[in-house]
Each structure stands twice: as structure tokens, then as C-alpha cells.
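Coordinate inspection notes
For reference, the chains in residue letters:
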Amino acid sequence: LIDIAPYNSVRLMVQKIRYIEAAFNEWKTKVFPGKEDNLSKPKPMKPTNRIPSKDKVGKRRWKAIRMAEYRNRFDRDRKGLIRDLLDGTIEEPKTDPVSTREKVHHWKAIFEKPSKPDKREMEATGDAPQGLDNPITPAEVIRVIRKMKNSSPGPDGLRLEDIKRAPPEEVAQWINIWLRVGRLPDSLVRSRTVLIPKVASPTGPEEYRPITVTSMFTRVMNGCLAERLNTIEISVRQKGFRKVDGCAENVWLVSKIIDHAKTHKKNLCIAFLDVAKAFPSVSHESILVACKRKGVPEIIQKYIQAIYEDAYTIIEGAEEERIDIRSGILQGDPMSGTLFNWVLELALEQLDGHIGYAVGGGVKVNHLAFTDDCILMSNTEGGLQCLMDKMVEELGRAGLKINPSKSASLKVGFDGKRRRWFVDPTPYLDVNENKVHALTITETNRYLGIRIGGGGLTRQSIEGWLNKMIKQVIQSPLKAQQKLHVIRAAIIPSMMHSLVLGNSSRKHLQRIDVHIRNAV
């Protein structure tokens, strides 16, 4: 099955691959009986609001129906109930404000936009360890499967429990066969795309995040490759998709750099960048350039190239319309984070190391990154503009653009006469001749969920939000134990990120504690 190298004829090669695909389908039918293509099957309806109008049934009957609906939904769709309850949309009709046709039209144009050509010739960095192209072992398959969560099945209907029942030796053998072939069969490159709202009430298709769901077998295979690719070193400034607390590290670093500038009476210019539609816009050619740069073995390079050449998807709700994925990284794929980091690193490593903010010991910092949440910094306006121009140029090579309307700049300076620091609100930074908003002394920018401004970390104003959430839970007809569960499992954990990383005082925490105790 694997020995396809001697076939120089394209026709014979295709015949050989078809034979392997037929054998693979026969194996799937034997190991996973009853699993069929479920693209055409109707999707189960999600729980919706079943509470009638008070005018139709009367106040007493309405209260009884409302109470029963809340409590029953707590049992059958707890996660959805909590989300809708905290969003304040639980009793609104569950109708999507954006039509499926609008979504398909918008995202099809993005997915099928041809990748921007990227002809950069870059030497390998030598970061890749030896043995990345060794055969995948059953132990790797078992380890990857154990780490996976029981998420939605792909178009072929395979679930995680099905893969767990399959002999890991056979799964590993088929993974190695497809790696050797250099491409996947149609059933494994086909995917469905689920559009997740970014906000509670989206008003347009751009306010959805596309999550691509491939076959569970493909996810296991790419998970094994992702484990190996993650052993390749990347810049210490990139914290996204790494086994570190990247949010904490980057928030702490930027706040300490602002404090350092004020303490040592230095100028500091910062740019908070917003990369527009980062994952769906990446050029497929740039992915290959990044793989070559990292020294990825050729057999894996060819496999990555093939899955992006052959990949296509359907958007949930419009199963009849095929969408070819000609650009972008598949969000939801185990390799997506690693590949995106590599593409972004192609741009970040081109920044001039002589420009930046000196933190002492001869060390200069000119950027921080958490996936596509990037910060540029310098001690002068001209230096920051130089970094920005280079970033725009290098991101453009990969098909990415910076959105100036959602980006922000900050300038902290020192007034020698008055002997105090200040924030200059004058816009000074350009992105393609568009001015970037400059923060004032009272304004902040949200970075990784934390508000940061000229004063560094600002106190996260969550008391108003907390009171609103607690009020919505208390006024709901849930049982007392169910209300306690919502507070303990949803409201308190949702505050931890801002309280731990933000600037919280003891009195602030005591007030929050009083609010929660009063509710309990």
C-alpha cells in the first residue's frame, strides 16, 4: 500500500491512491459500522424559548410554564441556559438575526478568495528537531485521543468514542499511509463550518467566528502532527498556543514597561494592533513558506500543502452549497494555532531589532504577541512608525491587514519643567495613511481582556456587571440550588481573569465578596 514511489505515471499513481482509498473505506466500514455521511441529515433542533406570551395564557399559567421551562432546560441544556440567562436573552425568541444566505455570501467570498502569492525564499532556521518525519506510533495516537474533548463529529459522523474503540495500531498505520501518500481522501478533507456569534446579538455575518469541523480521524491525525510541530522553537515573544500562561506574561510585561518608562522618566510609544480577519485571510503559500522556514520535513510539508489545496466545507444550514477553501487557516484544526504562529513570526522577525524600548541590560523590546493580538513599542514616534510600516508590509505578504479603526496607540512622555509624566493624546501613528486613535489619560485599551492605559493596569470595573448578573439570576424562576450553581460555576469564574491580572485592591475584593454573599 505504501510503496507508490516507483509509479512515475500519473495515471498509475491515481489508480494506486484510489485503491488505498477503497481499502481505507473498507476498514472504516468494518471498524466503525453504521457511520455514514451525515451532511445531508437534518440537524437536531437546539432548545429554544418555549415560554408563551403572558397575554395568551394568563399570568398564573404563564408563571407556571415559565418556571417549568427554566428548570427543565437547566437539566437538558445547562450551558445554553446559563449563557442566555447572563446575556439577558433567555426569554427572547431564538431567531437568528442574520439570514443563512447572508452568512454564506459573506464567508464564501472570504474562503474562496485566492491566496495571495508569496514567493519569499527563506533559509531554514534549524529549529526543527530530528525525527519529525518518523512514523506515527500507537502511543502517540493514544496520547492525542486522551487529550481530546468529546466535541461535535465531522461530516462522516465519526465521534471520539468511535475512535477510542478502534485499535490504536491500525489508526497509526493508516495515518502513516496517508502521510506517505501525501494527501487525504475526500471524506477526510471535507468539513462543515459552524458560525459562532462573537456578540450576544450579531447584526451582520462579520460578527460570527467560523469554526471548521473536520472528520474526527483527521483531527486525531493532525493532532499527532501538531504535537511534533510544537516541539519546534518559536520566538519567546509569541505566547499564543503555547504551554505557558501567555495572557498573564504579556499583560504583566506591558504594564511593567509602562511603569518603567514613568519611573525612569523615559518616553514610550505603544501600538495595540488589530489584525482584520486574521485566520480566514492567511495565504496558503505563506503557510508553506513558514513551514520551510522552520525546517519542517518535506513529507509533512507536502501533506499540509495537499490538505489546504483539497479542503472544502459547507456552512451549517446551507449543506447544498460547497465552498472551496482557497485561503485562510482552518480554525478548529489541531495544527491551526502552530501554523498561524509561524506565519506571524515571518513578519515579527523582520522588525528592526535596533528599534524598541530599552528595559535595561542592553535588552530592547519592540513587540509582544499572543497569536494575532500584537503590541509594537518604541521610545520614539518615528521608531514606532518604522515598526508599523514594516509590520504592514510583512503582514501584507501573507494576505493579512491591520485594521486602523480598531487599533490604538499610546504615548507616555516626561515633562522636564513640571517634572511629571503625561499622556499625549495627539494622533501620530499611520496605517496606510489612516490615523490610529491615540489614547488620552482617561482612556484605556482592552488587551487580552484587561484594560490598559497610560496609568498601566486599571481597576477592572466589574461591580456593576456583577450586580446585573446576580439580579438576573435571583429574579429567574430557577430553584435555589440551581441559582447557587449558576453563581458558583459561571459568574465567579468569569470574574477571575480580570481580578487576577487586573489592578484589584483588597477593598475592591471585599466589596465583590459582600455582593456575592448577599446574593447567596
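Figured I'd write up the structure that's included with this text. As a convention, each chain's residues are numbered from 1 in the sequence order in which they are written. Totals for whole chains, interfaces and linings use every residue, but because this is a predicted model, local features are given only for residues with pLDDT of at least 70 and side-chain atom pairs only at 80 or more, for both listing and counting. The basis for every side-chain value is the complete set of non-hydrogen atoms in the structure, without hydrogens or water.

**A word on the environment of Gly416**
The test is simple: Numbering of helices and strands runs from the N terminus, with a helix taken as a DSSP run of H or I at least four residues long and a strand as a DSSP run of E at least two residues long.
Position of Gly416 relative to the elements: it lies in the loop between β12 (408–415) and β13 (420–423). Residues Gly416 and Lys265, 151 residues apart in the sequence, show an inter-C-alpha distance of 8.7 Å.

**Comments concerning the pattern of salt bridges**
Formally: Salt-bridge detection follows one rule: a side-chain nitrogen of Lys or Arg within 4 Å of a carboxyl oxygen of Asp or Glu.
Inspection of the entire model under this criterion finds 30 salt bridges. The partner of Glu463 in a salt bridge is Arg511, with the nearest N and O atoms 3.0 Å apart. Of this pair, Glu463 sits in helix α17 (residues 463–474) while Arg511 sits in helix α19 (residues 506–519), placing them 48 residues apart in sequence.

**Quick look at the sheet that holds strand β18 (residues 450–453)**
What counts here: One requirement defines pairing of two strands: DSSP has to find at least two bridges between them.
Ordered by their spatial adjacency, three strands build an open sheet running β17-β18-β19, and the pairing between neighbours is antiparallel. Sheet topology places β17 (444–447) and β19 (456–457) at the edges, where each strand pairs with a single neighbour. Here β18 runs beside β19; their pairing, made up of two bridges, is antiparallel. Paired with Ile452 across the two strands is Leu457, which belongs to β19.

**Description of unusual backbone geometry**
Heads up, the rule is: Categorising residues by exposure relies on relative accessible area from a 1.4 Å probe, with only protein chains included: less than 20% of the type maximum marks a residue as buried, more than 50% marks it as exposed, and the intermediate range marks it as partly exposed.
In the Ramachandran plot, Phe241 falls in the positive-phi region, its phi being about 55° despite a non-glycine side chain. Secondary-structure assignment places Phe241 in the loop between α10 (216–229) and α11 (246–263). Positive phi, normally seen in glycine, also occurs at Thr371, with a value near 55°. With respect to the helices and strands, the residue Thr371 is situated in the loop between β9 (367–370) and β10 (373–378). Residue class for Thr371 comes out buried when judged on its relative accessible area of 8%.

**Side note on the sheet that holds strand β5 (residues 312–315)**
Our working definition: Axis definition: a line fitted to C-alpha atoms, limited for helices to the stretch in contact. Angles are taken between N-to-C directions and run from 0 to 180 degrees. When checking whether two residues touch, look at their non-hydrogen atoms; a contact exists if any pair is within 4.5 Å.
If you trace the four strands from one edge of the open sheet to the other, you get β2-β1-β5-β6, paired in mixed fashion. This sheet does not close on itself; its edge strands, each paired only once, are β2 (208–213) and β6 (318–324). Averaged over all pairs of adjacent strands, the angle between their axes in this sheet comes to 35°, without regard to strand direction. In the sheet, β5 pairs with β6 via three bridges, with the strands oriented antiparallel. Following the sheet pairing, Thr313 is matched in β6 by Ile323. Here helix α5 (residues 100–111) sits on the sheet and contacts β1 (190–197), β2, β5 and β6; the angle it forms with β6, its principal contact strand, is near 15°.

**A word on the packing of aromatic side chains**
What characterises a pair of aromatic rings is the spacing of the ring centres plus the angle enclosed by the ring planes. How we decide: In summary, the pairing rule links any two rings of Phe, Tyr or Trp, Trp by its six-membered ring, whose centres are within 6.5 Å, and it sorts them by plane angle into stacked for under 30 degrees, edge-to-face for over 60 and tilted for everything else. The rule is short: NZ of Lys or CZ of Arg within 6 Å of the ring centre and within 35 degrees of the ring normal puts a charge over the ring.
According to the stated counting rule, one finds 12 aromatic pairs in the structure shown. Relative to Phe111, the ring of Trp107 has its centre 6.0 Å away and its plane inclined at 35°; by these criteria the two rings are tilted. Note that Trp107 and Phe111 are positioned in helix α5 at a spacing of four residues, about one turn of the helix. Looking at Phe111, the relative accessible area reads 6%, which means it is buried. Each member of the aromatic cluster is reached from another via a ring pair, and the members are Phe24, Trp27, Phe32, Trp174, Trp178 and Phe217. Over the aromatic face of Trp421 sits the side chain of Lys262, whose NZ or CZ is 4.3 Å from the ring centroid.

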